[in-house]
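Residues per chain are reported as follows:
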Number of protein chains: 2
Amino acid sequence: MENKLHIQEVVTRDGIQIESACITTEEKVNLINELSKTGVSKIEVSSFVSPKAVPQLKDAAEVFKNIDRNEAVTYVALVPNKQGAIRAVEADVDEINLVMSVSESHNMQNVRKTTEQSLQEFKKVMDIVKSTDIKVNGSLATSFGCPFEGEISEKRLFHFLRIYVEELGMDNVTFADTTGMAHPKQVQRLMKQAVNMYPDVPMTLHFHNTRGMGLANVLAGMDAGIVRYDASLGGLGGCPFAPGATGNICTEDLVHMLHAMGYDTGVDLDKLIALSEQLPGLIDKDVPGQVVKAGKITDLHKLD
Amino acid sequence: MENKLHIQEVVTRDGIQIESACITTEEKVNLINELSKTGVSKIEVSSFVSPKAVPQLKDAAEVFKNIDRNEAVTYVALVPNKQGAIRAVEADVDEINLVMSVSESHNMQNVRKTTEQSLQEFKKVMDIVKSTDIKVNGSLATSFGCPFEGEISEKRLFHFLRIYVEELGMDNVTFADTTGMAHPKQVQRLMKQAVNMYPDVPMTLHFHNTRGMGLANVLAGMDAGIVRYDASLGGLGGCPFAPGATGNICTEDLVHMLHAMGYDTGVDLDKLIALSEQLPGLIDKDVPGQVVKAGKITDLHKLD
């Protein structure tokens with residue numbers, strides 16, 4: 001395994017997309033600017049989807065226009081189709097993230113397309129992007145399970161991985177546990193196969209902590225050699241299927257564990273914690289992150 | 001590793017001891033009776049401590065008197081001293097749990113004794129118990145870190161382990177991560193040494209999920225060969241040092257993960273979840289457990 005682990009922040013996209021609180025463009029820009037100084041490798045800034053589908057992210061172009069870019073950070077936009085790709089190119093994003101569910105029924109539910117239609121659309125996006133220096137990340141949603149279909153066939157998962165890499169020529173791939181169904185044995189087994197298939201393709205794991213297994217799944221992914229992890233500040237990003245459940249794995253809880261274990265992430269944990277402390281004010285509710293409440297293991301208490 | 005994992009329920013002791021809601025003796029008895037039917041190996045029923053110190057558990061003797069005992073379950077009482085041991089013998093407990101912190105300052109803070117004074121007291125308890133068939137479990141609190149002192153010296157941890165096993169003759173030992181400071185690498189390293197020292201002494205790991213690492217720590221313990229895990233229904237058992245933080249690792253979240261990974265616990269997960277659903281009514285607040293909110297990974301959703 002590489003020594004350095006890459007932490008990729010998704011709070012301003014996956015984290016807040018279903019939050020109902022009004023978060024202003026300025027607040028988003030400020031948060032991204034501060035996150036840019038923490039040492040995270042990537043920030044998924046926003047999504048060029050229909051404002052009707054995701055009203056919280058309708059200001060994607062404005063956000064991209066106003067952020068201060070740090071050369072060391074890759075600024076990503078999620079893009080659902082050709083129209084979104086054109087907007088992303090105009091916004092001068094560093095990377096486009098294309099998402100298709102491995103589960104046919106979840107893809108239909110999520111983007112109203114068959115997987116075949118999604119792949120056709122992705123070809124059009126690749127055509128738009130190829131004359132630019134924008135990178136493309138392909139995400140495989142429901143890689144570890146589908147809330148409608150249950151288990152996902154491995155054959156199907158690796159079939160789409162092959163299409164992403166060999167036919168579409170995507171630069172890197174994300175395996176997303178969209179509704180928190182992955183367990184550590186499964187992660188280790190599938191990721192060993194994926195790394196074995198394409199050892200030179202950078203791969204990301206995107207976990208939700210919906211059933212409490214998020215950090216255990218990260219360790220399983222590391223065992224398989226994966227060094228890139230998506231996470232959301234404060235653990236935002238709850239799922240519509242699981243009211244009250246936790247969201248994405250929490251960035252500061254993840255970094256806290258990795259640093260305790262002696263791994264290098266290049267991330268300033270104290271800065272992350274300070275930013276996470278601002279989130280309840282931004283979204284008008286408590287957040288699932290634990291370290292922000294309990295303190296770091298190195299924060300000692302005074303005796304009476 | 002043994003194939004069977006042992007799940008040991010602590011909700012009616014560690015789980016509720018700092019809860020301020022009035023939980024009646026009848027409610028505790030009912031909960032224990034239902035837990036006795038779930039397949040858990042042990043239940044830490046209550047604690048024979050001073051009613052002033054822990055008012056929530058002042059009905060320990062009444063609870064023991066009224067529960068229906070299942071032969072397959074070991075019913076445990078925490079005992080702080082000789083007086084507590086006498087009450088525990090009268091209550092006909094199956095096992096006494098003696099707790100001393102490895103950290104000198106934490107032991108003083110927690111039980112107002114030096115570790116030397118605790119060990120002297122434990123000798124008196126062993127004398128009381130030796131003419132009975134009651135087993136004794138020795139817990140080493142703050143095994144993985146102390147909120148006042150920080151890191152705990154390994155030498156000191158294994159020194160007390162040796163005294164517990166060789167000098168006091170305790171039947172089994174629990175390593176407790178009292179305030180949720182353990183991380184997986186540390187757990188794996190220390191538990192390999194402990195198992196190596198005393199391969200025939202049954203050992204338990206007791207984790208709190210204070211900083212989100214609880215389930216990851218269990219997997220690290222399993223790697224080292226530990227097959228006994230304490231957990232609290234609903235994840236109750238928050239720490240006074242970390243307001244709003246999660247408590248003990250959550251029994252149903254733990255069993256859910258282990259079953260997903262193919263391990264045998266002998267526990268009926270659906271019964272556990274049904275019991276956990278009753279907890280908010282019992283303690284008048286939401287509980288940290290995730291599976292009870294999100295459902296099992298095998299609970300599929302219907303398409304629109």
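Procedures and definitions
- Residues numbered from 1 in each chain as written.
- Chains lettered and ligands numbered in written order.
- Predicted model: local features only at pLDDT ≥ 70, side-chain atom pairs only at ≥ 80, totals over all residues.
- Helix = DSSP H or I, 4+ residues; strand = E, 2+ residues; numbered from the N terminus.
- Rg over C-alpha atoms; globule rule 2.2 N^0.38 Å.
- Buried ≥ 20, exposed ≤ 12 C-beta atoms within 10 Å, placed from the backbone.
- Contact = placed C-beta atoms within 7 Å.
- Arc of directions from axis to C-beta.
- Nonpolar A, V, L, I, M, F, W, Y, C, P; charged D, E, K, R; others polar.
- Least-squares fit on C-alpha atoms with pLDDT ≥ 70 in both.
- Expected span 1.5 Å × (residues − 1).
- Pairing = 2+ DSSP bridges.
- Right-handed = clockwise from strand over helix to strand, strands pointing away.

Asks: Can you walk me through the overall build of chain A in this structure?
Replies: Within chain A, the regular secondary structure consists of 13 helices and eight strands. Computed over its C-alpha atoms, the radius of gyration of chain A comes to 18 Å, within 12% of the 19 Å expected for a compact globule of 304 residues. With respect to the three principal axes, the spread of C-alpha positions in chain A is 65 × 40 × 35 Å. Looking at chain A as a whole, 54% of its 304 residues qualify as buried. Considering only intrachain contacts with a sequence separation of at least 6, the fraction spanning at least 24 residues in chain A is 72%.

Asks: Which parts of the structure should I look at to understand helix α11 (residues 269-276) of chain B?
Replies: Spacing of three or four residues puts side chains on the same side of an α-helix, whose turn is 3.6 residues. Residues and elements named next belong to chain B. Within α11 the residues assigned to the buried category are Leu269, Leu272, Ile273, Leu275 and Ser276. Here the buried residues of α11 occupy an arc of 160° about the axis, which is enough to place them on one side. The elements touched by buried residues of α11 are α2 (25-35), α10 (251-260), α12 (279-283) and α13 (291-294).

Asks: Would you mind going over the interface of chain A and chain B with me for this structure?
Replies: One widely used convention gives an interface's size as the accessible area the parts lose upon coming together. Each side of the interface is counted separately: chain A has 41 residues, and chain B has 41 residues. In terms of residues, the side of chain A that touches chain B owes the most to one element, helix α10 (residues 251-260) of chain A, which gives four residues. Residues that form the side of chain A that touches chain B fall into these classes: 21 nonpolar, 15 polar and five charged.

Asks: Honestly, the relation of the copies chain A and chain B in this entry has me stumped. Any pointers?
Replies: Taken together, a rotation about one axis and a shift along it account for how the two chain copies relate. With an RMSD of 0.0 Å, chain A superimposes on chain B once it is rotated by 180° and translated 0.0 Å along the axis. This pairing of chains is accounted for by a two-fold axis. The C-alpha atom lying nearest the rotation axis in chain A is that of Ala216 of chain A; the distance is 2.1 Å. Residue by residue, 100% of the interface of chain A is reproduced at the interface of chain B, so both copies engage with the same surface.

Asks: Sorry, what's going on with helix α8 (residues 184-197) of chain B here?
Replies: With 14 residues, α8 of chain B extends 20 Å between its outermost C-alpha atoms, agreeing within 8% with the 20 Å of an ideal straight helix rising 1.5 Å per residue. For α8 of chain B, the set of buried residues is Pro184, Gln186, Val187, Leu190, Met191 and Ala194 of chain B. Summarising the axial view, the buried residues of α8 of chain B lie within an arc of 145°, below the 170-degree limit, and thus occupy one face. Next to the buried residues of α8 of chain B lie α9 (214-223) of chain A together with α7 (154-167), β6 (172-177), β7 (203-207) and α9 (214-223) of chain B.

Asks: What is the right way to look at the environment of Leu279 of chain B in this model?
Replies: Mapped onto the elements, Leu279 of chain B comes out in helix α12. When the C-alpha atoms of Leu279 of chain B and Leu236 of chain B are compared, they prove to be 9.1 Å apart, with 43 residues separating the residues in sequence.

Asks: What is the right way to read the pairing of β6 of chain B from this model?
Replies: Consecutive side chains of a regular strand alternate in pointing toward one face of the sheet and then the other. All names here are of chain B. Taking burial as the measure, the six residues of β6 include five buried ones, the bulk of the element. Where strand β5 (residues 135-141) lies against β6, four bridges are found, and the strand directions are parallel. Paired with Asn137 across the bridge in β6 is Asn172. Each parallel crossover has a hand, and the one from β5 via α7 to β6 is right-handed. In the sheet, β6 pairs with β7 via five bridges, with the strands oriented parallel. Its bridge partner lying in β7, Ala176 is registered against His206.

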